[in-house]
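Close look at the chain arrangement
Listed below are the residues making up each chain.
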Amino acid sequence: MAMIEAAEHFMLGKLGQIIFLIGGLFSTVSALNATVYSSSRVRFAMGRDHNLLSVFGRIHPKKRTPHMAVFISGVMIILMVVLLPIEDIASATDAMFLLLFVFVNLAIINLRKNRPDLDRGFKGPLFPCIPVLSTFLNLILAVVLFFYRPLGVWVCLGYLAFGIGFYYLYSRRKEFVAKAAPAVHVEQPVFEVVPSDFHILVPVVNEKTVEKLQRFDIRMAKAYAADITALNVIQVPAQLPPSEGREYVDCARSLLGKAVEVAEKDHIPVYSLVKLTHNIPKAIIETCEERKIDMMVLGWERERAARDRVFGTITDEIILNTVCDIVMVFPVAG
């Protein structure tokens, strides 16, 4: 209203007021159309990625549009408009944006600490002072907004609490199963074996060290009456689907064949496995959980350790996120 009154004083009187009002209505409709469009597409992507119920990821068989995501988004918008005053809707939206900025700043701090190896397109000056200051300022604005229109802020907090609870109770498990690295090659031991209660995993990477690493595994397998799973992980660039890595499966099978051959000479049961993935540590961690691994033997490939890392980004991530025992085998100089 203040802007419309200003237009009346500075733009042709009542005519200026009408022109400004019409322009405002058109811009609002345009912004609303973009909001509804983006809202439905975000829900569609989350449903497709199993972060929401699969119904959000459905495509209309004829029109090829995410009809269920559009419909549910429209229903939610209508409910907000009907049940809440416009001031509280604005308050909820503002609170959501403020908390979004808080999470963005916290994510910057977290990524700088836990993933210092990432290639970044920019550098934030005075780190971490600016992200910390920005976090506190956004929280202060959210508190002020709460005292101005508390209902809208409560709606925002309730929406976030529901989303977090839904993710940890439902989406996390579904996403893990759906995005597990696909196994493209699985081989059982060639001879009949007695089921073992102890399982050893050895990720095989380097052809030069596979024999030495496997001989160490054999000694451990004999000591624990265990079987061995030899795993080779083929990393595919994030821009490509995992299936693009199938052309490297033959090389992986050849590498695993050497590991199996060494172990079978001592009559140790070996299971060989090839997986395609975008994330090597995640594929190894998934394999540990799937095959109930008790011990994992890692050969250190002299990975250059980044800041706040002991063995390197990949190896440290595996060590920190697995619950089995881990044995590190270091290369011997000379």
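None of these values were measured; they are calculated from a predicted model.

Some thoughts on the overall build of the chain
Helix and strand counts for the chain come out as ten helices and six strands. By the burial criterion, 32% of the 334 residues in the chain qualify as buried. If you take every contact in the chain between residues at least 6 apart in sequence, the share linking residues at least 24 apart comes to 71%. Of the roughly 21,700 Å² of accessible surface on the chain, a fraction of 65% belongs to carbon and sulfur atoms.

Here's the deal with the nonpolar core
Counting 27 residues, the largest nonpolar core has Ile200, Val204, Ile228 and Ala230 as its most contacted members. Of all the secondary structure elements, the ones that give two or more residues to this core are strand S2 (199-203), helix H7 (210-224), strand S3 (227-235), helix H8 (249-264), strand S4 (270-277) and strand S5 (295-299). When residues in this core are grouped by element, the largest group, eight residues, is from H8. Not counting residues within four places of it along the chain, the set of residues in contact with Ala230 comprises Val202, Val204, Leu256, Ala259, Val270, Tyr271, Ser272 and Leu273.

Remarks on the pattern of salt bridges
Scanning the entire structure with this criterion turns up three salt bridges. The closest approach of N and O atoms between Asp266 and Lys222, which form a salt bridge, is 2.9 Å. Separated by 44 residues along the polypeptide, Asp266 in the loop between H8 and S4 and Lys222 in helix H7 bring together distant segments of the chain. With a relative accessible area of 32%, Asp266 lands in the partly exposed category. Classification of Lys222 as exposed rests on a relative accessible area of 51%.

As for the pairing of S2
Within a regular strand, the side chains alternate between the two sheet faces. Within S2, five of the five residues are buried, leaving the element largely enclosed by the surrounding structure. By the alternation rule, side chains of S2 split into His199, Leu201 and Pro203 and Ile200 and Val202, which are all buried. Where the polypeptide runs from S2 across H7 and back to S3, its parallel neighbour, the crossover connection is right-handed. Taken together, the two bridges between S2 and S5 define a ladder with parallel strand orientation. Within the sheet, the bridge partner assigned to Ile200 lies in S5 and is Met295.

As for helix H3 (residues 67-83)
A rise of 1.5 Å per residue sets the reference length of H3, with its 17 residues, at 24 Å; its end C-alpha atoms lie 24 Å apart and thus fit the reference within 8%. The set of residues buried in H3 consists of Ala69, Ile72 and Ser73. The buried side chains of H3 occupy one side of the element, clustering within an arc of 100° when seen end-on. H3 presents Phe71, Ile78, Val81 and Val82 as exposed residues on the side facing more than 90 degrees away from its buried surface. Packing partners of the buried residues in H3 comprise helix H2 (14-48).

Definitions and limits used
Residues numbered from 1 in each chain as written. Predicted model: local features only at pLDDT ≥ 70, side-chain atom pairs only at ≥ 80, totals over all residues. Heavy atoms only, no water. Helix = DSSP H or I, 4+ residues; strand = E, 2+ residues; numbered from the N terminus. Buried < 20%, exposed > 50% of the residue type's maximum accessible area, 1.4 Å probe, protein only. Contact = heavy atoms within 4.5 Å. Areas by Shrake-Rupley, 256 points an atom, 1.4 Å probe, with all protein chains shown as cover. Core = buried A, V, L, I, M, F, W, Y, C linked by side-chain atoms within 4.5 Å. Salt bridge = Lys/Arg side-chain N within 4 Å of Asp/Glu carboxyl O. Right-handed = clockwise from strand over helix to strand, strands pointing away. Pairing = 2+ DSSP bridges. Expected span 1.5 Å × (residues − 1). Arc of directions from axis to C-beta.

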